[in-house]
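Single-letter residue listing:
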Amino acid sequence: IRNNEMETNTQLEALNNAVVSMNLEGLEVRQYIQHDNRKKIGKFFLRLNGNLISPILNYDNMNHFILGMMKMQKLTNNK
């Protein structure tokens, strides 16, 4: 496995751990497969029960997106 692939797998695992901690049935993070072989940046998207619910984002932005979802989940569950 090349360095970029290992890094992307580690990032995907970290994002999946964050998604699992939300305890939301059907929520999953997937890796976006780019068909342009020149680009080596890992990109990800979120699906809920098979429906796309996020834009395609790099690791940092997807992490922020998930953190925002977690915050919103806490805000709505406290009411």
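This text follows the structure it describes.
Residues numbered from 1 in each chain as written. Predicted model: local features only at pLDDT ≥ 70, side-chain atom pairs only at ≥ 80, totals over all residues. Heavy atoms only, no water.

Draft legend 1. The overall build of the chain, seen in detail. When helices and strands are counted, the chain shows two helices and four strands. Ordered by position from the N terminus, the helices and strands of the chain form the series α-β-β-β-β-α. Counting the 79 residues in the chain, one finds 25% classified as buried. Summarising the internal contacts of the chain: among those between residues at least 6 apart in sequence, 29% fall at separations of at least 24. Accessible surface, the chain as shown: approximately 5,900 Å² in total, 50% of it carbon and sulfur. (Helix = DSSP H or I, 4+ residues; strand = E, 2+ residues; numbered from the N terminus. Buried < 20%, exposed > 50% of the residue type's maximum accessible area, 1.4 Å probe, protein only. Contact = heavy atoms within 4.5 Å. Areas by Shrake-Rupley, 256 points an atom, 1.4 Å probe, with all protein chains shown as cover.)

Draft legend 2. Fine view of helix H1 (residues 3–21). For H1, with 19 residues, the first-to-last C-alpha span of 27 Å sits near the 27 Å given by 1.5 Å per residue. Backbone geometry just after H1 places asparagine 23 at a positive phi near 55 degrees. (Expected span 1.5 Å × (residues − 1).)

Draft legend 3. The arrangement of the pairing of strand S2 (residues 43–48) in detail. Here six bridges tie strand S1 (residues 27–32) to S2, and the two strands are oriented antiparallel to one another. Considered in S2, the bridge of arginine 30 is made with phenylalanine 45. With two bridges joining them, S2 and strand S3 (residues 51–52) adopt antiparallel strand pairing. Paired with arginine 47 across the bridge in S3 is leucine 52. Between the antiparallel neighbours S2 and S3 lie two residues, among them asparagine 49 with a positive phi of about 50 degrees. (Pairing = 2+ DSSP bridges.)

Draft legend 4. Representation of helix H2 (residues 59–77) within the structure. Between the first and last C-alpha of H2 there are 27 Å, a value that for 19 residues agrees with the 27 Å anticipated at 1.5 Å per step. All of the buried residues in H2 are Met62, Ile66, Met69 and Met70. Buried residues of H2 fall within an arc of 100 degrees about the axis and therefore sit on the same side. Among the exposed residues of H2, those pointing more than 90 degrees away from its buried face are His64, Lys71 and Lys74. The opening residue of H2 is asparagine 58, an N-cap whose side-chain oxygen sits 3.3 Å from the backbone nitrogen of aspartate 60. (Arc of directions from axis to C-beta. Polar contact = N/O pair within 3.5 Å; in protein donor to acceptor, adjacent residues only side chain to side chain.)

Draft legend 5. Focus on unusual backbone geometry. Backbone geometry at asparagine 23 places phi at a positive 55 degrees, although glycine is not the residue there. A relative accessible area of 70% places asparagine 23 in the exposed class. Even without being a glycine, asparagine 49 presents a positive backbone phi close to 50 degrees. Relative to the assigned elements, asparagine 49 resides in the loop between S2 and S3.

In short, geometric facts, not functional conclusions.
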